[in-house]
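Analysis of the macromolecular model
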Amino acid sequence: LEVGIRRLPTPDDAALTRLATTPATGASSAGEIPDSRGREFFLTFPGSIGLTGAGASLNLRISGPRPATGPVEIAGLSFSQDFVVSPGEVTVVELPLEADLSFTSDTVTDRGIHVTATEEVTVVGVSRAVESSDAFLGLPTDILGTTHTILGYQNLDVNPDVFETFPGT
């Protein structure tokens, strides 16, 4: 959708997208509609409350329509774990809690998560804690394109020692 458009795309809009989509703008090949399956992902877990408590976990859930294998790597933590995906099943890859960005702000870290696969897969990130559990759908690199809109909020009253204040995005 274009900026300011507040409606769902129609079938005609989808047809225009298929005609206009090229490898440089996101899809794997001309005529494909971008989707959430891919062979390469770069992901991260933004700060989450309670990841130091009992039962806290970070994991990726990887699935796909065809058998696939590959590694999940976090260079800054020297973490690497291979995965195997069977069609119709979800493979869970447990990650170290240190992969979470915690409440850092305006800081560059080396805790990005790199997933590569031999076939197209879908990747979902799950953060579980007593106080807060979250999940997100990872987007593969082949649909990211080069133009992005970031919705966020500025850093005000940033104090990670006080429960009610959080860093901006």
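Going by the structure above, here's the rest.
The rules behind the values
Residues numbered from 1 in each chain as written. Predicted model: local features only at pLDDT ≥ 70, side-chain atom pairs only at ≥ 80, totals over all residues. Heavy atoms only, no water. Helix = DSSP H or I, 4+ residues; strand = E, 2+ residues; numbered from the N terminus. Buried < 20%, exposed > 50% of the residue type's maximum accessible area, 1.4 Å probe, protein only. Contact = heavy atoms within 4.5 Å. Areas by Shrake-Rupley, 256 points an atom, 1.4 Å probe, with all protein chains shown as cover. Patch = residues over 30% accessible without salt bridge, like charges linked within 9 Å, V, L, I, M, F, W, Y side chains within 5 Å. Salt bridge = Lys/Arg side-chain N within 4 Å of Asp/Glu carboxyl O.

**So, the overall build of the protein chain**
Broken down by element type, the protein chain carries 1 helix and 7 strands. Order of helices (α) and strands (β) in the protein chain, N terminus to C terminus: α-β-β-β-β-β-β-β. Out of the 169 residues in the protein chain, the part that is buried amounts to 30%. Relative to all contacts within the protein chain whose residues are 6 or more apart in sequence, the contacts with residues 24 or more apart total 65%. Entry remark: accessible area of the protein chain is about 10700 Å², with carbon and sulfur atoms responsible for 56%.

**Considering a nonpolar patch on the surface**
Together, Leu-137, Leu-139 and Leu-144 make up a nonpolar patch on the protein surface, roughly 250 Å² of accessible area in all. By the secondary structure assignment, Leu-144 is in the segment after β7 (134-137).

**As for the pattern of salt bridges**
Oppositely charged side chains may form a pair once their charged atoms are brought near each other. Tallied over the entire structure, the rule returns 4 salt bridges. Between Arg-37 and Asp-35 there is a salt bridge, with its nearest N and O atoms 3.2 Å apart. Residue classification places Asp-35 among the partly exposed residues on the basis of a relative accessible area of 31%. A salt bridge links Arg-37 to Glu-120; its shortest N-O distance comes to 3.8 Å.

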